[in-house]
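# Remarks on the overall topology
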Amino acid sequence: MIQMQTNPKKRKRISEVLAVAGLTLLTLDSSSTILSLYGYGFLYLTDQQSGASIGIPSIALLFLSLWIGFRQKSRIVTLSLICGGAVLAISKLTKPAFGLNLYLAIALPYLYFSLMGMGFTILAIGALRVAKGQ
């Protein structure tokens, strides 16, 4: 079994920074996509470009912060997981109603539902951390 040989405070701090970075990227991606109702958002990326360059790394950062901060008590990580999961799941539920991300929803529905499921999974992990007192 491989164990991290770092200081627990250092692991907690790294986990918090990654969680906040992931939540920030996810919020930027979702708000840019919603604001791009009639063309490009403030990031000047299409839906497909922003999802690949910003959306996927933000999800990866949230999971990485959970892995690094496993069994570490951190309210910042827990709150970031809950908010990040809610933003991801709700944005994937509501964007097709506004005519956004239609390519992803129609052409690649398995990927679209997987992203929605990841959002609910991240939200559930954050809620589980609240229940366990982490």
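### Let's talk about the overall build of the protein
Helix and strand counts for the protein stand at five helices and zero strands. Tracing the protein from N to C terminus, the helices and strands come up as α-α-α-α-α. The C-alpha radius of gyration computed for the protein amounts to 16 Å, which stays within 12% of the reference 14 Å derived for 134 residues, consistent with globular compactness. Counting every position in the protein, which comprises 134 residues, the buried fraction comes to 36%. Excluding contacts between residues fewer than 6 apart, the proportion of contacts in the protein whose partners are at least 24 apart in sequence is 73%.

### Quick look at a nonpolar patch on the surface
A contiguous nonpolar patch, built from L28, L35 and F42 and spanning about 280 Å² of accessible area, is present on the exposed surface. Inspection of the secondary structure puts L28 in helix 1 (residues 8–35).

### What to know about the pattern of salt bridges
Under the counting rule described, the total for this entry stands at one salt bridge. For E16, the salt bridge identified is with R13, shortest N-O distance 3.1 Å. A residue pair is termed a helical-turn pair when its members lie 3 or 4 positions apart in one helix, as E16 and R13 do in helix 1 at three residues. E16 gets classed as buried once you look at its relative accessible area, which sits at 8%.

The rules behind these values
Residues numbered from 1 in each chain as written. Predicted model: local features only at pLDDT ≥ 70, side-chain atom pairs only at ≥ 80, totals over all residues. Heavy atoms only, no water. Helix = DSSP H or I, 4+ residues; strand = E, 2+ residues; numbered from the N terminus. Rg over C-alpha atoms; globule rule 2.2 N^0.38 Å. Buried < 20%, exposed > 50% of the residue type's maximum accessible area, 1.4 Å probe, protein only. Contact = heavy atoms within 4.5 Å. Patch = residues over 30% accessible without salt bridge, like charges linked within 9 Å, V, L, I, M, F, W, Y side chains within 5 Å. Areas by Shrake-Rupley, 256 points an atom, 1.4 Å probe, with all protein chains shown as cover. Salt bridge = Lys/Arg side-chain N within 4 Å of Asp/Glu carboxyl O.

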